[in-house]
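A look at the structure
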Amino acid sequence: MEIFLEALPALGQAWALILQPQVLGYLALGVMMGLCIGVFPGLGGIAGLSLLLPFMFGMDPIMGLALMIGLVAVVPTSDTFASVLMGIPGSSASQATVLDGFPMAKKGQAARALSAAFASSLFGGIVGAAFLTVFILVARPVVLLFKSPELLMVSFFGLSMVGILAGRIALKGVVAAGIGMLIGTIGEGPFNGELRMASYDLPYLTDGLKLVIVGLGIFAIPEIISLLRQDKAISDSQSLGGGWLDGIRDWWANIWLSARCSIIGVVVGVIPGLGGSVVDWIAYGHAVQTTKDKSNFGKGEVRGVIGPESSNNAKEGGGLVPTLLFGIPGSGSMAIFIGALALLGNGIDVGPSLLENHLDFTYSIVWLLALANVIGTIMCIALSGTIAKLTNIRFALLAPFIFMIISFAAFQSGQNLMDLVALFAIGFLGIMMRRFDWSRPAFLIGFVLSNPVENYSNNATQIAGIRFRDGMQPGLDYILSPIVITLIIITVVSIIIGLRQAKNILAEGDVPSGGKRAPLVFLLVLMSFIAFALYNTASIPDYARTDRIFPVFIASICLVATIILLIQMMFAAETHSLFADRENSGDDKTASYSLWPTLAWFAFLLILTSVTGFIIALAIFLTSFLRIRAGIGWLQTMLYVAAGIAFMVFMAWTLGRDFPPGILQSYTNLPWPLR
Amino acid sequence: MKLIPAISRQVALALGITTTAVMSMPATADVDMSGKVIEWVIPFSETGGSAKWANFFAPLLADALPGSPTVLVRFMPGAGSTKGANWFQKQTNGDGTVIFGSSGSTQFPYLLGDPRVRYEYKDWNPVMATGTGGVAYLNADDGAKFDGTANNLKGKTYIYGNQGATRLDLIPALAWDMLGMDVEHVLGIKGRGDGLKMFESGEATVDYQTSSSYLKGSVALVEAGKAVPMMSWGSLGANGDVVRDPTFPDMPTFKEVCEATEGCQTSGDSWDAWKAFFVAGFPSQKIAFLPAGTSQDIIDTYVNAFAKIKAHPDFATISEKRLGKYPMYVGDEAKAALAAATTVPASAKSFVVDWLKSDFGVELKK
């Protein structure tokens with residue numbers, strides 16, 4: 001009790017620090033900058049802070065902190081715009097939002113989805129801060145309870161969400177997750193650095209693929225291509241039915257769901273090393289499990305937006321615990337936060353001593369984060385009505401600019417032209433998975449959890465082996481702690497419920513069946529990739545066997561699963577849902593354009609970039625697209641192209657970023673934006 | 001603001017204001033870096049000693065470079081720093097916007113001829129180097145049995161979170177082995193910060209940190225009675241002997257503990273190998289590099305900037321608090337430090353290669 005009594009004056013001091021006009025001013029400034037960056041998928045993070053650092057250096061610590069937190073806090077709020085309006089997951093925090101947010105936008109309820117999301121974000125942020133105020137005092141021993149076996153079980157729990165999102169054929173969901181995991185193992189192995197499915201002749205792959213690229217490729221590209229083929233606006237109905245007030249009413253009607261998901265967000269966010277990446281999926285799974293009528297999920301169920309959005313802002317608060325107490329960042333933004341805190345140079349270092357010596361400072365961080373959420377959300381709600389109108393614009397006019405932004409964003413992850421090639425390749429995989437109804441969420445969960453599962457399982461088995469050598473009891477104490485047992489029960493229950501309900505939950509809508517050949521060919525392609533992965537990783541020599549075990553294990557499971565699918569296909573009728581194929585009916589069949597010419601446009605931008613560099617390629621691409629595909633007049637085209645390029649150059653210039661260079665650039669020495 | 005004494009900010013400001021007064025370096029055509037964003041790439045995670053080192057120098061460097069550019073510390077962990085170093089080898093734009101901080105864990109695989117090493121130190125341009133030390137410590141239970149020798153520590157299995165057999169962790173691993181302690185190595189730890197968390201949560205029972213991380217993270221555990229310091233690696237005396245680390249004058253060195261422990265020799269092959277790798281790994285451990293092909297103008301600009309930082313009268317006091325009492329080398333001194341860090345006698349290398357094969361199953365060419 002004593003510890004809480006000591007905390008009260010610190011909390012008072014924290015508020016005294018925060019509630020100064022300049023501090024609030026800097027916070028609002030940071031929020032505005034964060035909004036400008038956060039609405040563009042894949043930016044945020046390091047780009048945002050590089051914008052801030054020149055101002056921050058030499059600033060008063062609390063002011064600099066306000067500015068920085070304002071920026072960091074608002075990114076998971078503002079990236080909702082891209083998720084809902086365009087089906088592009090802005091960051092790992094808003095992947096699950098896409099599943100129901102984007103269908104709502106298609107139904108013309110964009111403003112409603114956005115305001116429900118923002119209200120949930122706001123609530124989640126505040127619940128998170130309140131919870132943390134108390135929890136941070138006792139957090140250290142709690143976090144230390146999470147050793148490798150516990151962390152492994154949390155990863156498994158995250159993976160069990162695949163059960164809910166697997167779609168109609170559970171095995172296909174398992175294979176999708178497995179392929180995600182295999183793609184996650186590409187590159188140098190974590191223990192001995194052996195190459196897996198990569199070669200030093202292709203250095204790009206040795207680094208492995210980045211989440212930004214995989215997220216954009218697997219979700220955004222298929223949606224954009226699909227919409228573009230139909231040549232209409234995102235929203236079906238012209239009137240923006242469901243204004244922003246409806247969204248807030250939706251949130252209020254589901255306030256308990258929002259509260260529960262907020263708590264899930266903080267608690268999972270607290271766990272070091274896993275933090276952000278799975279929170280939104282767990283919250284989505286929870287929203288599905290607690291909804292009576294599950295038939296609307298994937299088609300625009302507002303609870304599917306409220307769940308993940310409540311959790312993702314709360315998670316930022318939870319992520320502060322491992323960051324501040326242990327110096328172990330729970331997410332990408334927290335990693336930058338540690339660095340920036342050191343740059344602020346106020347003598348405060350994250351780590352064990354922070355709570356004892358600087359509790360007031362710690363509380364300032366917690367509540368500045370909450371306050372930034374409030375300011376950010378109000379700004380976002382105010383903007384949502386206007387921005388939602390984007391969904392009424394003819395998509396052919398919007399698409400080239402979306403291609404422009406995601407290409408730029410993808411390039412920022414590795415500053416390499418290969419980023420764009422990888423984006424295209426994963427995008428193609430995403431298109432095919434969408435067409436044949438293989439769960440893309442399951443794939444992404446597998447990808448995200450690939451590294452944690454491999455690391456923790458290796459550590460846990462090795463340490464458990466040593467403990468068991470000491471005796472049965474120390475070994476069992478280690479692997480079967482109360483937390484592990486609880487997590488096993490939760491996971492098993494979640495898998496059983498998930499599998500029973502999965503048939504009703506069509507996270508990506510209903511897909512008709514018919515025609516055996518195309519789905520079969522895709523299955524065989526996946527099978528050959530799995531077989532290649534198995535062959536490639538099984539040939540890792542013995543002295544580096546720790547790098548071999550995990551991919552070989554996953555690939556073997558996938559191979560068995562695909563063989564079972566193959567046998568099932570041999571005996572099933574062609575109307576069976578095994579043969580789901582979107583090209584057979586519905587929007588994709590009636591689309592005005594077929595897949596290949598549409599995809600060729602994107603390939604055109606890519607190839608052109610590799611020749612002339614990004615900006616020149618962009619000018620040619622935008623002009624020809626708007627003239628030929630969108631069919632608008634010269635004057636309009638010129639105006640749009642100029643605006644698009646000016647915007648791109650301005651963004652890159654303020655953020656100090658470069659553009660992808662092409663062959664031309666290696667022979668000439670052009671001035672900056674062309675360079 | 002009565003928050004906290006704003007230590008490094010004060011230094012940075014003071015450096016900025018008094019720049020012209022303090023400077024006695026020949027101000028040869030320094031390149032103006034204003035408006036540039038400089039990425040300082042650290043091939044480790046955000047939690048280890050290299051992170052603290054770069055975070056300490058980054059704002060000072062930003063201020064000391066002409067035009068006060070933005071200096072961002074970028075973390076690129078993987079394969080115990082080989083990934084980041086391989087990446088840096090491929091950087092060829094010589095405009096000074098990328099610098100790299102290597103550490104002992106980058107030097108060792110290079111020295112040992114690890115096949116994954118695709119980088120060549122001779123291509124890079126060192127501009128600054130600092131030394132450091134390290135401290136090994138035990139959990140409270142086993143620490144109680146420690147009496148300045150490892151005699152009572154034998155016959156028990158210890159667990160250690162290891163970043164990789166051919167990394168800087170080779171120094172503690174070989175030291176414990178020489179002392180006759182049975183240590184199991186859990187490989188694949190991303191940084192020593194993760195090792196510290198493993199130790200604190202009880203998963204690991206023995207740990208080591210470089211000086212700056214020890215001062216910041218582990219000292220609190222020692223004070224709370226959860227850890228017992230065992231030995232420092234020491235520091236290199238004027239005549240080339242291992243002497244007590246000036247940062248930890250009251251702590252015995254590995255050499256002292258070894259001398260007092262039955263069966264541990266401070267002469268012979270294993271000692272010579274340990275010492276050779278210690279010299280390569282610690283007294284000039286962290287080196288800042290510009291990439292291959294950087295023009296001399298830019299190199300000079302950086303050397304002058306680091307010299308400016310070093311010349312500041314308060315620098316020693318401030319860096320002592322954050323990094324410990326260790327020398328800083330700039331320019332030609334940094335080149336000499338690099339030479340010391342990347343050469344070991346063939347006999348020492350051969351011994352370590354054999355030892356790695358028998359203890360870790362790592363196959364390396366001699």
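Just so we're clear, the structure is a prediction, and the values are computed from it rather than from any experiment. (Residues numbered from 1 in each chain as written. Chains lettered and ligands numbered in written order. Predicted model: local features only at pLDDT ≥ 70, side-chain atom pairs only at ≥ 80, totals over all residues.)

Moving on, we get to the overall build of chain A. Broken down by element type, chain A carries 30 helices and two strands. Residues counted as buried form 59% of the 675 residues belonging to chain A. In chain A, the share of contacts with a sequence separation of at least 24, taken over all contacts with a separation of at least 6, comes to 81%. (Helix = DSSP H or I, 4+ residues; strand = E, 2+ residues; numbered from the N terminus. Buried ≥ 20, exposed ≤ 12 C-beta atoms within 10 Å, placed from the backbone. Contact = placed C-beta atoms within 7 Å.)

Residues and elements named next belong to chain B. Sheet analysis places strand β6 (residues 157-162) next to strand β7 (residues 182-187), joined by six bridges and oriented parallel. Considered in β7, the bridge of G161 is made with V186. Between β6 and its parallel partner β7, the chain crosses via helix α6 (residues 170-178), and the hand of that crossover is right-handed. (Pairing = 2+ DSSP bridges. Right-handed = clockwise from strand over helix to strand, strands pointing away.)

Attention now goes to the environment of A:F118. All names here are of chain A. For F118, the location among the structural elements is in helix α7 (residues 110-144). The class for F118 is buried, based on 30 C-beta atoms found within 10 Å. Filtering out sequence-adjacent residues up to four positions away, F118 remains in contact with T77, T80, T377, C380, I381 and S384.

Looking now at the confidence of the model for chain B. Per-residue pLDDT for chain B averages 81, and the proportion of residues at 70 or more is 90%. ipTM for the predicted complex: 0.75, alongside a pTM of 0.83. (pLDDT = per-residue confidence, 0-100.)

All names here are of chain B. Spatially, β8-β5-β9 is the arrangement adopted by the three strands of the open sheet, whose pairing is antiparallel. Edge positions in the sheet fall to β8 (206-210) and β9 (227-232), since each has one partner strand and no second. In this sheet, adjacent strand axes meet at a mean angle of 30° when their direction is disregarded. Summarising the sheet, strand β5 (residues 134-139) and β9 pair through five bridges and their orientation is antiparallel. Paired with L138 across the two strands is V228, which belongs to β9. (Axes fitted to C-alpha atoms, helices over the stretch in contact; angles between N-to-C directions.)

All names here are of chain B. As assigned here, chain B comprises domain 1 (7-131 + 284-341) and domain 2 (134-281). Distance from the C-alpha centre of domain 1 to the C-alpha centre of domain 2: 27 Å. On the side of domain 2, 22 residues touch domain 1, which itself brings 25 residues to the contact. Looking at the side of domain 1 that touches domain 2, the elements that each hand over two or more residues are α2 (49-64), α4 (104-112), α12 (315-323) and α13 (332-341). Per-class residue counts for the side of domain 1 that touches domain 2 are 10 nonpolar, 11 polar and four charged. (Domains from an automatic or database assignment. Nonpolar A, V, L, I, M, F, W, Y, C, P; charged D, E, K, R; others polar.)

Attention now goes to the sheet that holds strand β13 (residues 328-330) of chain B. All names here are of chain B. Strand order across the open sheet formed by six strands is β2-β1-β3-β12-β4-β13, with mixed pairing between neighbours. Taken across any chain shown, the strands that pair with only one partner, and hence form the sheet edges, are β2 (70-75) and β13. Strand-to-strand twist in this sheet, taken as the mean axis angle between neighbours without regard to direction, amounts to 25°. Relative to strand β12 (residues 286-290), strand β4 (residues 125-130) runs antiparallel, the two being bridged by five bridges. Within the sheet, the bridge partner assigned to T130 lies in β12 and is K286. Contacts from α13 reach β4, β12 and β13 within the one sheet, and its direction differs from that of β4 by about 80°.

Turning our eyes to something else, we now look at the environment of A:F191. Here A:F191 is to be found in the loop between β1 (187-188) and β2 (195-196). The class for A:F191 is buried, based on 27 C-beta atoms found within 10 Å. Those residues in contact with A:F191 that sit more than four places away from it in its chain are A:N458, A:T546, A:D547, B:L187 and B:G188.

Another point: the packing of helix α13 (residues 255-270) of chain A against helix α15 (residues 303-326) of chain A. All names here are of chain A. Packing of α13 against α15 leaves a shortest axis separation of 6 Å and a crossing angle of 35°. Crossing angle aside, the handedness with which α13 passes α15 is right-handed. Its residues placed into classes, the contact of α13 with α15 shows 11 nonpolar, 11 polar and three charged. (Left-handed = near helix turned anticlockwise from the far one by under 90°.)

Before going further, it helps to spend a moment on the packing of helix α20 (residues 417-435) of chain A against helix α27 (residues 595-612) of chain A. Residue and element names in this part refer to chain A. Between α20 and α27, the least distance of the axes is 10 Å, while the angle of their chain directions is 165°. Classified by the angle their axes make, α20 and α27 are roughly antiparallel. Our pair here, α20 against α27, has a crossing hand that is left-handed. Taking contact as the criterion, the partners of L417, L420 and F424 in α20 are, on α27, F602, A603, L606, T609 and S610. Residues that form the contact of α20 with α27 fall into these classes: six nonpolar, two polar and no charged. (Parallel < 35°, antiparallel > 145°, perpendicular 65-115°, else oblique.)

With that settled, the discussion passes to unusual backbone geometry. Note: most peptide bonds trans; most residues except glycine with negative phi. One non-glycine residue, A:M197, lies in positive phi territory at about 50°. Mapped onto the elements, A:M197 comes out in the loop between β2 and α10 (203-206). In this structure, B:S68 takes a positive phi of about 40° despite not being glycine. As for its placement among the helices and strands, B:S68 is situated in the loop between α2 and β2. By C-beta crowding, B:S68 is classed as partly exposed, having 18 other C-beta atoms within 10 Å.

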